[in-house]
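# Structural features, examined
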Amino acid sequence: MSGITYDYMESYIRDLIPEKQGVLKGLKDFAESNSVPIVQKETANLLEFFMSLKKPERVLELGTAIGYSAILMAEASNRKAIIDTVERDPNMILMARENVKKHDYDKNINIIEGDCLEVLEKLQGQYDIIFMDAGKGHYNHFLPHCLRLLKADGIIIADNVLFRGMVASKDLVKRRKITIVKRMRSYLELVSKDETLITSVLPMGDGIALTKRRNE
Ligand SMILES: C[S@@+](CC[C@H](N)C(=O)[O-])C[C@H]1O[C@@H](n2cnc3c(N)ncnc32)[C@H](O)[C@@H]1O
């Protein structure tokens, strides 16, 4: 039970999406056998969809892990997009660097070492897509920086916003997760109530919020 959607719906949708082969299959198998959290299949598919739709020049990712989603996005852009991805765990950084180098993505993927909030505070530039996939309890703190770094027609894709359903139902909330849940609700309220933004929350994967600036 994902707490987000029906199991039969999730498995039906997942079965529609072709399995990745090659590099991405290898990374996914490694992640599964070593309990490394990576994007769910339907979320990966959505990222590919937006890469195809927006043809971004620059993408910012918060949360690299072993580099699965960064490589997926680089591949989806036919190695045209530049992807800056932030990670603080030294083991993950080591593995991500190895994966990026081994599969020749060094020209597309820059791994930025450090805590997302500290990196965001100093980061400059403008991004077409910002993918939030780290620091679930801090999306509300990341938001002002992400908006500063977002191109006028850019999009923020935030993963895990329904957090196993806990964000939407108090019956599902685990006591030790209450802070994350409250902060995630605060993120969703911020992006939903701000009249300069438009947000769509998708009950798929672990919950995804798509946010962009409203057209003037
Ligand atoms: C869900 S994983 C990212 C998965 C990756 N996007 C993928 O799908 O292949 C989240 C990663 O964010 C890192 N992380 C968590 N909080 C962070 C923070 N505040 N700053 C930087 N990295 C963080 C964790 O170490 C972990 O590797």
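Bear in mind that the values here come from a model prediction, so they are computed numbers and not experimental data.

## Comments concerning the packing of helix α2 (residues 22-33) against helix α4 (residues 68-76)
- Orientation of α2 relative to α4, taken along the N-to-C sense of each, is 165 degrees, at an axis distance of 10 Å. What the angle tells us is that α2 and α4 run roughly antiparallel. Here the hand of the crossing between α2 and α4 comes out left-handed. The segment α2 lies against α4, with Val 23, Leu 24, Leu 27 and Lys 28 engaging Tyr 68, Ile 71, Leu 72 and Glu 75.

## Overview of the nonpolar core
- Judged by nonpolar contacts, the single largest core of 34 residues is most densely connected at Met 73, Ile 109 and Ile 157.
- For this core, the elements supplying multiple residues, two or more each, are α2, α3 (41-54), α4, α5 (90-102), β3 (109-113), β4 (127-132), β5 (150-159) and β7 (208-213).
- For this core, the element with the most residues is α4, which contributes six residues.
- Those residues in contact with Ile 109 that lie beyond four places of it in its chain are Ala 70, Ile 71, Ala 74, Ile 83, Thr 85 and Val 100.
- Tyr 127, Met 132, Leu 147 and Ile 156 belong to the second largest nonpolar core, which has 33 residues in total.

## Here's the deal with the site of the ligand
- Residues in close proximity to the ligand total 19 residues, the closest being Val 39, Gly 63, Ser 69, Glu 87 and Asp 133.
- A distance of 3.5 Å separates a nitrogen atom of the ligand from a polar atom in the side chain of Glu 61.
- Within the contact set of the ligand, a nitrogen atom lies 3.3 Å away from a backbone nitrogen or oxygen of Arg 88.
- Protein contacts shield 89% of the accessible area of the ligand, which totals 600 Å² for the unbound molecule.
- Per-class residue counts for the shell around the ligand are eight nonpolar, five polar and six charged.

How each quantity is defined
Residues numbered from 1 in each chain as written. Predicted model: local features only at pLDDT ≥ 70, side-chain atom pairs only at ≥ 80, totals over all residues. Heavy atoms only, no water. Axes fitted to C-alpha atoms, helices over the stretch in contact; angles between N-to-C directions. Helix = DSSP H or I, 4+ residues; strand = E, 2+ residues; numbered from the N terminus. Parallel < 35°, antiparallel > 145°, perpendicular 65-115°, else oblique. Left-handed = near helix turned anticlockwise from the far one by under 90°. Contact = heavy atoms within 4.5 Å. Core = buried A, V, L, I, M, F, W, Y, C linked by side-chain atoms within 4.5 Å. Buried < 20%, exposed > 50% of the residue type's maximum accessible area, 1.4 Å probe, protein only. Near = heavy atom within 4 Å. Polar contact = N/O pair within 3.5 Å; in protein donor to acceptor, adjacent residues only side chain to side chain. Areas by Shrake-Rupley, 256 points an atom, 1.4 Å probe, with all protein chains shown as cover. Nonpolar A, V, L, I, M, F, W, Y, C, P; charged D, E, K, R; others polar.

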